[in-house]
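Below are the chains, spelled out letter by letter.
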Amino acid sequence: MQFEFNLAPNEVSANGQFLALNGRRFPLVLVRNQRARKYWLRIRPDGSARVTIPRYGSIAEARRFVERNKRWLERELARLATRPQRPREWRLGTEIFIRGEQLKIEAGVNGETGLIRCGGEKIFAPDMAVDLRPLVEEHLRQLAEKELPARLIELGSLHQLPVRRITIRNQRTRWGSCSHNGTISLNWRLIQAPPFVRDYICLHELAHLRQLNHSSRFWQEVERMCPGYKAAEHWLKQHTLLRD
Ligand SMILES: [Zn+2]
């Protein structure tokens, strides 16, 4: 699973280095290269900006260099955003999250042919040569359809908020939603998040049954129902499950 920063050995620590552009923050990765004669800037496929710092260069100068090239960066990021992205392939050895645990996709053992494993999950995989992602995702989606509605109903009854209708969906950009008629939709990828994060999203959508907006009253309601919600939001920001 990809984290916001994947530092190669020669990369200067990029923690906290961000670039503000059109009100959004982009990770900035600074790489020192002893052979470079000048500063270089490029966009990586994940949308972060990579700056090469020459031998005697500094982080401060690298930031000024980025500032001077903001127009170019904006154009390049816009171009990247409109390009369709191919999802990362999942193969044997790929690590994925299930219920917040980082697990490796492994071949079945003891003569189990056509099977792969991931933690306690056994997944039927007739063709090992192909990208395993569609098979594993389908399995996770089925898990989600079993586990997420049950948990939502449980949390709803705990807070005297009966849920009329639940759908499990494959949204690209959101974790859940609540409609005017009280239908709560949850993203199946929540099955990949740890239980406290899954619960927060459930409680967030349940709170919308009382406040169908993001007003301060809504957030008070969330705080009351889920006091640790900020840690859950932080987890979701740190892990790129939807953008991976
Ligand atoms: Zn909301």
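Structural notes, computed from the coordinates. (Residues numbered from 1 in each chain as written. Predicted model: local features only at pLDDT ≥ 70, side-chain atom pairs only at ≥ 80, totals over all residues. Heavy atoms only, no water.)

## Observations concerning the sheet that holds strand E10 (residues 176–178)
Taking strand neighbours across the sheet as the criterion, the three strands line up as E9-E11-E10 in an open arrangement whose pairing is mixed. Strands with a single pairing partner mark the edges of an open sheet, and in this sheet they are strand E9 (165–169) and E10. When the angles between neighbouring strand axes are averaged without regard to direction, this sheet yields 15°. Where helix H3 (residues 133–158) meets the sheet, it contacts E9 and strand E11 (183–187), and its direction lies at approximately 150° from that of E9. (Pairing = 2+ DSSP bridges. Helix = DSSP H or I, 4+ residues; strand = E, 2+ residues; numbered from the N terminus. Axes fitted to C-alpha atoms, helices over the stretch in contact; angles between N-to-C directions. Contact = heavy atoms within 4.5 Å.)

## As for the coordination of the zinc ion
Within the protein, the atoms that donate to the zinc ion are His204 (NE2), His208 (NE2) and His214 (NE2), at distances of 2.0 to 2.1 Å. Mapped onto the polypeptide sequence, the residues donating to the zinc ion form the spacing pattern H-x3-H-x5-H. Overall, the relative accessible area of 8% leaves histidine 208 in the buried class. (Donors = N, O, S within 2.8 Å, 3.2 Å for Na, K, Ca; no water. Buried < 20%, exposed > 50% of the residue type's maximum accessible area, 1.4 Å probe, protein only.)

## Looking at the sheet that holds strand E2 (residues 24–32)
Strand order in the open sheet formed by four strands is E1-E2-E4-E3, with mixed pairing between adjacent strands. Edge positions in the sheet fall to strand E1 (18–21) and strand E3 (40–43), since each has one partner strand and no second. Neighbour-to-neighbour, the strand axes of this sheet turn through a mean angle of 30°, independent of strand direction. Relative to strand E4 (residues 49–53), E3 runs antiparallel, the two being bridged by four bridges. By the bridge assignment for E4, isoleucine 43 is matched with alanine 49. Contacts between helix H1 (residues 59–68) and the sheet are confined to E1, E2, E3 and E4, with E4 contributing the most and set at about 130° to the helix.

## A look at the nonpolar core
Formed by 45 residues in total, the largest nonpolar core has its most connected members in Ile96, Ile105, Val136, Leu140, Leu186 and Leu206. Listing elements by their share of this core, those giving two or more residues are strand E5 (95–98), strand E6 (101–107), strand E7 (115–118), H3, E11, helix H4 (195–208), helix H5 (216–225) and helix H6 (229–238). Residues from two domains meet in this core; each of domain 2 (95–136) and domain 3 (142–238) gives at least three. Not counting residues up to four positions away in its chain, the partners in contact with leucine 206 are Leu152, Leu155, Gly156, Leu161, Val163, Ile184 and Met225. In terms of nonpolar packing, the next biggest core, distinct from the first, is built from 17 residues, Phe26, Ile43, Val66 and Leu80 among them. (Core = buried A, V, L, I, M, F, W, Y, C linked by side-chain atoms within 4.5 Å. Domains from an automatic or database assignment.)

## Considering H3
The terminal C-alpha atoms of H3, which comprises 26 residues, lie 36 Å apart, in line with the 38 Å expected from a rise of 1.5 Å per residue. Buried within H3 are the following residues: Arg133, Val136, Glu137, His139, Leu140, Leu143, Ala144, Leu148, Pro149, Leu152, Leu155 and Gly156. Positive phi shows up at glutamine 160, right after H3, with a value of about 55°. (Expected span 1.5 Å × (residues − 1).)

## Here we look at the side chain of histidine 208
Mapped onto the elements of the fold, histidine 208 is located in helix H4. Here the side chain of histidine 208 touches glutamine 211 through a polar contact of 2.9 Å, landing on its backbone oxygen. With residues near it in sequence (within four places) discarded, histidine 208 still touches Cys178, Asn213, His214 and Phe218. (Polar contact = N/O pair within 3.5 Å; in protein donor to acceptor, adjacent residues only side chain to side chain.)

## Comments concerning the state of the cysteines
A covalent bond between the sulfur atoms of two cysteines is referred to as a disulfide. Scanning the entire structure with this criterion turns up zero disulfides. Looking at cysteine 202, it has no disulfide partner, and the nearest cysteine sulfur is the one in cysteine 226, 9.9 Å off. (Disulfide = S-S within 2.5 Å.)

## What to know about the packing of H3 against H4
Axes are the key here: two packed helices are described by the angle between their axes and the distance separating the axes. Axis separation between H3 and H4 bottoms out at 10 Å; the angle between their running directions is 55°. Considering their axes alone, H3 and H4 lie oblique with respect to each other. Seen along the crossing, H3 lies across H4 with a hand that is right-handed. Where H3 abuts H4, its residues Leu148, Arg151, Leu152, Leu155 and Gly156 lie against Arg198, Asp199, Cys202, Leu203 and Leu206. Partitioning the contact of H3 with H4 into residue classes produces six nonpolar, one polar and three charged. (Parallel < 35°, antiparallel > 145°, perpendicular 65-115°, else oblique. Left-handed = near helix turned anticlockwise from the far one by under 90°. Nonpolar A, V, L, I, M, F, W, Y, C, P; charged D, E, K, R; others polar.)

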